[in-house]
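What follows is each chain in one-letter form.
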Amino acid sequence: MNFNIIEFAKETLQLVQNQNHGSILTILFIGIVFGVIIQWTRVDTFDKIAGFAMLKGFKVPKMLFFGIGLASIGLYFMIKMGWAHYHIKPIILGGLILGGTIFAIGMAILGLCPGTGPVAVSEGNIDVTVGMIGGIIAGALFTYLYPELKNIMGPDLGKITLTQLMGDNADWFIFVYGIALMAIAFLLPNKEIEEEVGEV
Amino acid sequence: MKLPKRLGWIEGGILIAILIWYTFSIWGADRPIGASTAISYMGAWFFNLKDTEYFQHIKNSGAWEVVFLIGVLIGGAFTSLFITKTFKFRVIPPLWRKHKNNSVASRLFWSFIGGFMIVFGARLAGGCTSGHFLSGASQTAVSGLIFGGVAIVVLIVTGRLFYKNL
C-alpha cells in the first residue's frame, strides 16, 4: 500500500495538466459549484436518497429528471453549434445490467452515490465516510479483477444515442425527450421526506 | 441580502443543467461530469495497482475527477457551514433510525457494504448517477438510459426489502 499523499497529489495534478479538459482551477470551480448545489438542495442526505428508495420523498428524482430534461435540450444545440462535443459511454450490456443492479442495491443501503457521497462527508457524516472507504477498496479490487471481469461485461453494442437513431427528426425529438423528462419531474408525487423525519 | 436556507428541486435542477452545459462546453472542461472513476483511481493508486490494464485505461478520467471531488468537498463544507448551517458530526441518519435500527455498529457495517457495492457496480457499468444519468441521459445516450432504468427499479425494490415499517 502507498499512502504518500504528496506523491499522489503531484501525479494526479500532472495527469490533469497533460489533458485538455480545463485548468485545475476550472475543474475545482466545477466541483465547488456541484458541491454547493447538492448541499444547498440537501439531496446529499441518506434521508432524501434512501427516502426515495422507500418511496417516502421524491425531491431527488424530481431534481434529476428536471435537470436532465432541461440540460438535454440545451446540450443538443450546443453540440450542433460546435460549442460542445458528445462523450458517449458504450452499451456494455452485461456490465450495465449487473453493475446497475449492484450499484442500486448499494445506493439504497448507503443512501448516497459517488457524486453526492463526498458532499455528505464534507458536512460531517461519519457513516458515509466509512462507505467511501468501502468504495475505495472496491475500486482497488475491481482494478485487480478487471482482466477477468471484462469477459462478463459484454457484449459491447456500441456508443448509441436516441438523437442518432432519430436521424433527420432529431431536431424536434430532442424537445419531446427533454419536455417528457421535465413533465415526469412535475408528475412525481409532491411528497417530501421532511413529513416523515422533520427538517434534514 | 438573505440567502434561502434550502433550494427547491426546480432551482436545483436549473442550476445542475447550467453546470452540465458549462462542463461540457469548450469554454469549460469539454467533458462530462463524473465521480465514480475517481474512487477507483484512488483505490488503485493507494493499493499499488498502477501497472494494471484498468488503471492505465482510467487514469486520465480518474485524475480529473479527483480534482473535481476535492472541489465538491470544498463546496459542500462551505455550504453546510455558512448557508444551510447543517454541518454536524453524525453517524445514524434519522430515517435509518426509524426504518432500520438504532445501532452504530449496524449502520457502519452496512455503510461499508453499501459503499463497496456502489463503486463495484458503477465500475462494472462504466459510470454512476453523475456519469450515466446526469451526463449520459442529457446526451440521450442509450447506455445511460439502460443504467438509469435498471437502477431506479432495483433501488425501489431494495428499499421495500431492506427497510421495515414502511
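One can find the structure itself at the top, above this paragraph.
To start, this report covers the structure provided alongside it. These figures come from a predicted structure and were not determined experimentally.

Scoring rules and cut-offs
Numbering of residues begins from 1 in every chain and follows the order in which that chain's sequence is written. Note on labels: chains are lettered from A, ligands numbered from 1, in written order. Only residues with pLDDT of at least 70 get local features here, since the model is predicted, and only at 80 or more are side-chain atom pairs given and counted; chain-wide, interface and lining totals rely on the full set of residues. Water and hydrogen atoms play no part in the side-chain values, which are based on all heavy atoms of the structure. Per the convention used, a helix needs a DSSP run of H or I reaching at least four residues, while a strand needs a run of E reaching at least two, with both numbered from the N terminus. Buried means the residue's accessible area, taken with a 1.4 Å probe over protein chains only, is under 20% of the maximum for its type, while exposed means over 50%, and partly exposed covers the values in between. For this analysis, residues touch if any pair of their heavy atoms sits within 4.5 Å. Accessible surface area values rest on a Shrake-Rupley calculation with a 1.4 Å probe, where residue burial reflects the displayed protein chains alone. Neither His nor the chain ends contribute to the count of charged residues, in which Lys and Arg are positive and Asp and Glu negative. To locate a charge, take atom NZ for lysine, CZ for arginine, CG for aspartate or CD for glutamate. What a helix should span is 1.5 Å times the count of its residues minus one. Within this analysis, the arc is defined by the directions that extend from the helix axis to the C-beta atoms. Defined in terms of a 1.4 Å probe, buried area is the accessible area two parts forfeit on being brought together, summed over both. Counted as salt bridges are all cases of a side-chain nitrogen of Lys or Arg within 4 Å of a carboxyl oxygen of Asp or Glu. Pairing of N or O atoms within 3.5 Å defines a polar contact, subject to two protein rules: one partner must be a possible hydrogen donor and the other a possible acceptor, and residues neighboring in sequence count only if both atoms are side-chain atoms. Residue type decides the class: Asp, Glu, Lys and Arg count as charged, Ala, Val, Leu, Ile, Met, Phe, Trp, Tyr, Cys and Pro as nonpolar, and the leftover types, Gly among them, as polar. Stacked, tilted and edge-to-face pairs are distinguished by plane angle, under 30 degrees for stacked and over 60 for edge-to-face with tilted covering the rest, among Phe, Tyr and Trp rings (Trp via its six-membered ring) whose centres lie within 6.5 Å. Side-chain atoms within 4.5 Å link the members of a nonpolar core, which is a set of buried Ala, Val, Leu, Ile, Met, Phe, Trp, Tyr and Cys residues.

Once that is clear, we can look at the overall build of chain A. Regarding its fold elements, chain A presents 10 helices and zero strands. Starting at the N terminus, the α and β elements of chain A follow one another as α-α-α-α-α-α-α-α-α-α. The proportion of buried residues among the 200 residues of chain A is 56%. In chain A, the proportion of contacts linking residues at least 24 apart, taken out of those at least 6 apart, comes to 68%. Summed over all atoms, the accessible surface of chain A reaches about 8,300 Å², with 69% contributed by carbon and sulfur. Averaging the positions of the 11 positive and the 15 negative side-chain charges in chain A gives two centres separated by 4 Å.

Our next topic: helix H1 (residues 9–24) of chain B. Taking 1.5 Å of rise per residue, the 16 residues of H1 of chain B would be expected to cover 22 Å, and the 22 Å separating its terminal C-alpha atoms lies within 8% of that figure. Along H1 of chain B, the residues that are buried comprise Trp9, Gly12, Gly13, Ile16, Ala17, Leu19, Ile20, Thr23 and Phe24 of chain B. Relative to the axis of H1 of chain B, the buried residues are bounded by an arc of 165 degrees and lie together on one face. Looking at the packing, one finds that the buried side of H1 of chain B touches helix H2 (24–41), helix H4 (59–81) and helix H9 (170–187) of chain A together with helix H3 (53–82) and helix H6 (129–138) of chain B.

Time to look at the interface of chain A and chain B. How large an interface is tends to be reported as the accessible area lost when its parts come together. Taken together, the contact pairs 131 residues of chain A with 127 residues of chain B. Summed over both sides, the interface of chain A with chain B buries roughly 12,000 Å², with 76% coming from carbon and sulfur. Ranking the residues of chain A by area buried against chain B places Phe8, Trp40 and Ile109 of chain A at the top, with a combined share of 7%. The tally of links from chain A across to chain B stands at six salt bridges. Asp127 of chain A is paired through a salt bridge with Arg107 of chain B; the nearest N and O atoms lie 2.8 Å apart. Our count for the contact surface shared by chain A and chain B stands at 44 residue pairs in polar contact (both at pLDDT 80 or more). A per-element tally of the side of chain A that touches chain B places helix H7 (residues 126–153) of chain A first, with 22 residues. For the side of chain A that touches chain B, a count of residues per class yields 83 nonpolar, 35 polar and 13 charged.

What follows concerns the packing of aromatic side chains. Under the counting rule described, the total for this entry stands at 33 aromatic pairs over all chains. With centroids separated by 5.7 Å and ring planes inclined at 85 degrees, the aromatic side chains of Phe66 of chain A and Trp9 of chain B adopt a geometry described as edge-to-face. Note that Phe66 of chain A is positioned in helix H4 and Trp9 of chain B in helix H1, a pairing that runs across two chains. Judged by its relative accessible area of 8%, Phe66 of chain A is buried. Residue Trp9 of chain B is classed as buried on the basis of its relative accessible area, which comes to 11%. Consider the rings of Trp110 of chain B and Phe162 of chain B, whose centres lie 5.0 Å apart with planes at 80 degrees: the pair is edge-to-face. With Trp110 of chain B in helix H5 (residues 104–125) and Phe162 of chain B in helix H7 (residues 142–162), the pair connects residues that are 52 residues apart, well separated along the chain. The class of Trp110 of chain B is partly exposed, set by a relative accessible area of 27%.

One recurring pattern in soluble globular proteins: nonpolar side chains tend to sit buried together. Formed by 101 residues in total, the largest nonpolar core has its most connected members in Phe34, Phe103 and Phe142 of chain A together with Ile16, Ile20, Tyr41 and Phe68 of chain B. With 12 residues, H4 of chain A is the largest single contributor of residues to this core. The residues contacting Ile20 of chain B, other than those within four sequence positions of it, are Ala71 and Leu75 of chain A together with Ile33, Leu134 and Ser138 of chain B. Counting residues in each nonpolar core, the second largest holds 11 residues, with Phe46, Ile109 and Ile193 of chain A together with Ile92 of chain B among its members.

What follows deals with H5 of chain B. The end-to-end C-alpha distance of H5 of chain B, which contains 22 residues, comes to 31 Å, matching closely the 32 Å that a straight helix rising 1.5 Å per residue would cover. Put simply, Ser103 of chain B is the residue that caps the front of H5 of chain B, since its side-chain oxygen is 3.4 Å from the backbone nitrogen of Ala105 of chain B.

In the segment running from Gly154 of chain A into Pro155 of chain A, the intervening peptide bond is cis, with an omega of -5 degrees. Topologically, Pro155 of chain A is positioned in the loop between H7 and helix H8 (162–166). A positive phi angle, close to 55 degrees, is found at Asn48 of chain B, a residue other than glycine. Tracing the chain through its elements places Asn48 of chain B in the loop between helix H2 (36–46) and H3. Asn48 of chain B gets classed as partly exposed once you look at its relative accessible area, which sits at 46%.

So, about the pattern of salt bridges. On inspection of all chains with the given rule, the structure shows 12 salt bridges over all chains. Among the ionic pairs, Asp171 of chain A bridges to Lys80 of chain A, the shortest N-O distance being 2.7 Å. Within this pair, whereas Asp171 of chain A is found in helix H9, its partner Lys80 of chain A is found in helix H4, the two being separated by 91 residues in sequence. Linking Arg90 of chain B and Glu123 of chain A is a salt bridge whose minimum nitrogen-to-oxygen distance equals 2.5 Å. One end of the pair, Arg90 of chain B, is in the loop between H3 and helix H4 (94–99); the other, Glu123 of chain A, is in the loop between helix H6 (117–122) and H7, on a second chain. We classify Glu123 of chain A as buried; its relative accessible area is 1%. Sharing partners across several salt bridges, the network here consists of Arg42, Asp44 and Glu123 of chain A together with Arg90 of chain B.

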